[in-house]
Amino acid sequence: MNLWVIFLTGLTIGGLTCLAVQGGLLASVIASREEEEIEEGVNKKNPVFPTLAFLTTKLIVYTAFGFLLGAFGSVIGISQNTQIIMQFAAGIYMILIALNLLNVHPIFRYAVIQPPKFLTRKIRNKSKSKDLFAPALLGAMTIFIPCGTTLAMEALAISSANPFMGAAIMGTFVLGTTPLFFGVGWLTSTLGDNFRTKFLKIAAVLLLYLGLTSINGAFIAFGFPINSQTIASSFKTSTVQQNGEKLYSEAPVSQGAEIFVNANGYSPNYITVKKGSPVTIKLTAKNAYSCASAFRIPSLGISRNLQPNETYTFSFTPEEAGRITFTCSMGMYTGTIEVI
Amino acid sequence: MKIKNLKLKISGMHCSSCAMNIDFDLEDLDGITSAKTSYAKEVCEVDFDEEKVKVEDIISSVEKTGYKASPSL
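Worth saying up front: this structure is predicted, and the values here are computed from it rather than measured.

**Let's talk about the overall build of chain A**
Helix and strand counts for chain A come out as nine helices and nine strands. Residues classed as buried in chain A amount to 44% of the 340 residues present. Taking the contacts inside chain A whose residues are at least 6 apart along the sequence as the reference set, 76% of them involve residues at least 24 apart.

**Looking at the overall build of chain B**
Helices and strands together make up the secondary structure of chain B, namely two helices and four strands. Each helix and strand of chain B, ordered N terminal to C terminal, gives the series β-α-β-β-α-β. Taken over the C-alpha trace, chain B has a radius of gyration of 11 Å; the compact-globule value for 73 residues is 11 Å, and the two agree within 12%. The principal-axis extents of the C-alpha atoms in chain B amount to approximately 35 × 25 × 15 Å. The buried share of chain B, reckoned over its 73 residues, is 37%. Pairs at least 24 apart in sequence give 62% of the contacts found in chain B among residues at least 6 apart.

**Overview of the interface of chain A and chain B**
Listed by partner, the interface residues are 16 residues for chain A and 14 residues for chain B. If you list the elements that add at least two residues to the side of chain A that touches chain B, you get α1 (3–40) and α4 (117–127) of chain A. By residue number, the principal contributor to the side of chain A that touches chain B is α1(A), which donates five residues. Looking at the side of chain A that touches chain B residue by residue, the classes come out as eight nonpolar, five polar and three charged.

**Some details on the sheet that holds strand β7 (residues 311–316) of chain A**
All names here are of chain A. A sheet is described by the order of its strands in space; here four strands give the open sequence β2-β1-β4-β7, paired in mixed fashion. The two strands at the open ends of the sheet, each matched to only one other strand, are β2 (265–267) and β7. Within the sheet, the average angular offset between the axes of one strand and its neighbour, ignoring direction, is 25 degrees. Sheet topology note: the strand β1 (residues 256–262)/strand β4 (residues 279–285) ladder contains six bridges and is parallel. The residue bridging Val261 from the neighbouring strand is Ala285, located in β4.

**Focus: the pairing of β1(A)**
Residues and elements named next belong to chain A. Summarising the sheet, β1 and β2 pair through three bridges and their orientation is antiparallel. By the bridge assignment, Phe260 is partnered in β2 with Ser267. Hairpin remark: β1 followed by β2, antiparallel, with two residues in the connecting loop.

**Description of the domain arrangement of chain A**
Accessible area lost when the parts come together is the quantity often used to give the size of an interface. All names here are of chain A. Examined at the domain level, chain A breaks down into domain 1 (3–222) and domain 2 (240–339). In this assembly, 15 residues from domain 1 lie in contact with 13 residues from domain 2. Those elements giving two or more residues to the side of domain 1 that touches domain 2 turn out to be α3 (80–101), α7 (163–181) and α8 (184–222). Tallying contributions element by element places α8 first for the side of domain 1 that touches domain 2, with seven residues. Looking at the side of domain 1 that touches domain 2 residue by residue, the class counts come to eight nonpolar, seven polar and no charged.

**Comments concerning the sheet that holds strand β1 (residues 3–11) of chain B**
Sheet strands associate in pairs through backbone hydrogen bonding, adopting either a parallel or an antiparallel arrangement. Residues and elements named next belong to chain B. Strand order across the open sheet formed by four strands is β2-β3-β1-β4, with antiparallel pairing between neighbours. What marks the edges here is a single partner per strand, and that holds for β2 (32–38) and β4 (68–71). Strand-to-strand twist in this sheet, taken as the mean axis angle between neighbours without regard to direction, amounts to 25 degrees. Where helix α1 (residues 16–27) meets the sheet, it contacts β1, β2 and β3 (43–49), and its direction lies at approximately 170 degrees from that of β2. Those strands touched by helix α2 (residues 55–65) are β1, β3 and β4, and its axis lies near 155 degrees from that of β4.

**A short note on the packing of helix α2 (residues 48–76) of chain A against helix α6 (residues 148–160) of chain A**
Residue and element names in this part refer to chain A. Between α2 and α6, the shortest axis-to-axis distance is 6 Å and the interhelical angle comes to 45 degrees. When the axis of α2 is compared with that of α6, the two are oblique. Crossing handedness for the pair α2 and α6: right-handed. Note on element contacts: α6 touches α2 through Glu154, Ala157, Ile158, Ser159 and Ser160, opposite Gly66, Leu69, Gly70, Phe72 and Gly73.

**What to know about the nonpolar core**
All names here are of chain A. Counting 102 residues, the largest nonpolar core has Met94, Ile97, Ile169, Met170 and Leu207 as its most contacted members. A per-element tally of this core places α8 first, with 13 residues. Counting contributing residues, this core receives three or more from each of domain 1 (3–222) and domain 2 (240–339). Among all residues touching Ile169, those that are not within four sequence positions of it are Ile6, Gly66, Met153, Leu156, Ala157 and Ser160.

**Re the environment of Gly24(A)**
Residue and element names in this part refer to chain A. Among the secondary structure elements, Gly24 is positioned in helix α1. For Gly24, a count of 19 C-beta atoms within 10 Å puts it in the partly exposed group. Separated by 74 residues in the primary sequence, Gly24 and Ala98 place their C-alpha atoms 24 Å from one another.

**Looking at the confidence of the model for chain B**
Residue and element names in this part refer to chain B. With 99% of its residues at a pLDDT of at least 70, chain B reaches an overall mean of 85. Averaged pLDDT values for the elements of chain B fall to 85 in α1 and rise to 90 in β3. Complex prediction metrics read pTM 0.71 and ipTM 0.75.

**Some words on the packing of α2(A) against α7(A)**
All names here are of chain A. At a minimum axis separation of 6 Å, α2 and α7 run at an interaxial angle of 155 degrees. The angle between α2 and α7 falls in the class roughly antiparallel. Between α2 and α7 the crossing geometry is right-handed. In terms of residue class, the contact of α2 with α7 is built from 16 nonpolar, nine polar and one charged.

**Some words on the pairing of strand β3 (residues 270–273) of chain A**
Residue and element names in this part refer to chain A. Burial along β3 is one-sided: Ile271 and Val273 are buried, and none of Tyr270 and Thr272, which face the opposite way, are. Of the strand pairs in this sheet, β3 and strand β9 (residues 334–339) are connected by four bridges, and their pairing is parallel. Paired with Val273 across the strands is Val339, a residue of β9.

About the criteria used
- Residues numbered from 1 in each chain as written.
- Chains lettered and ligands numbered in written order.
- Predicted model: local features only at pLDDT ≥ 70, side-chain atom pairs only at ≥ 80, totals over all residues.
- Helix = DSSP H or I, 4+ residues; strand = E, 2+ residues; numbered from the N terminus.
- Buried ≥ 20, exposed ≤ 12 C-beta atoms within 10 Å, placed from the backbone.
- Contact = placed C-beta atoms within 7 Å.
- Rg over C-alpha atoms; globule rule 2.2 N^0.38 Å.
- Nonpolar A, V, L, I, M, F, W, Y, C, P; charged D, E, K, R; others polar.
- Pairing = 2+ DSSP bridges.
- Axes fitted to C-alpha atoms, helices over the stretch in contact; angles between N-to-C directions.
- Domains from an automatic or database assignment.
- Parallel < 35°, antiparallel > 145°, perpendicular 65-115°, else oblique.
- Left-handed = near helix turned anticlockwise from the far one by under 90°.
- Core = buried A, V, L, I, M, F, W, Y, C linked by C-beta atoms within 7 Å.
- pLDDT = per-residue confidence, 0-100.

Structure follows, in structure tokens:
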């Protein structure tokens, strides 16, 4: 999972969709406070504190919500297939939102679920409150008025099927949206419409990327024969053969291998084994809080959710030469067992 | 008090937040009892008191928020 892409999506889209309405609400609540303070004669004309309060609670609430979404995903994703379907659906949803941002067809406008009126009204009323904690409360309440991209991120958090991953996704996304809140007035008036349209396009491309990665991951995790990995490896094979090099020279052949499960994937992620005799693989999870800890070999039906520092050993006997893919449950981290 | 219903065609919205902003600004106008903008349909439905607010005021409020509005039939 590339959290940087999520951060960038937050940064670009945060300038617009989130800011468009939340920035207005924030400005309104700051104005209400100032009015009150001017009456009391204590106004320091400093909007930084309420802005920080707003953003901090927003970040906390969204991260906690991401945790819940991930936990929810892990509950309904107990069956591997449900999780793959969810991930696939999340990918499709992200692509729909991206197509809407790119103005491909008005039909995609319907992908954006609009929050119900009674909620938006409640939030609007809060923004007129003079209460000291109003900015913080308002930040927390924005969870009820998600924009299309936020919804797409929430779908991604569910499909991660891991509370920590879900929290990381939502937290990173919201963190990405924060910088622009400090330059609200300046940005929108100086840069204008042209810039806004460009920003939307960047966000759309990032969302497309996330959506496609998600679908591709679902394909890999499902063991579907066509995905970016199999396409790339077929290219690699043909070029290597053209050059007349020995194909599997990099990895020594061994029927027993230890694979370390790290936060960012598997090491080694390429092993070579001989067909016809049993292969024993020992998995050692280090600090595996990412989805790499959900180890799968779709073609062998092997599925194991590793706890941190757990080791798990399994054996199988490959009968024919070829490639066996191992992957995390989301298809984000992968590796290959080459059978010769 | 005479409540009338008006349907406006809105263009220029790029997300559902825009729809919310239109509603927020409209409902701040005196004489408007409710405003409901749909991002997907690009339509805004307004209930308003004819004696207090004119159709032109409603349209200019939407334009002030930053979008184009025209009465739809």
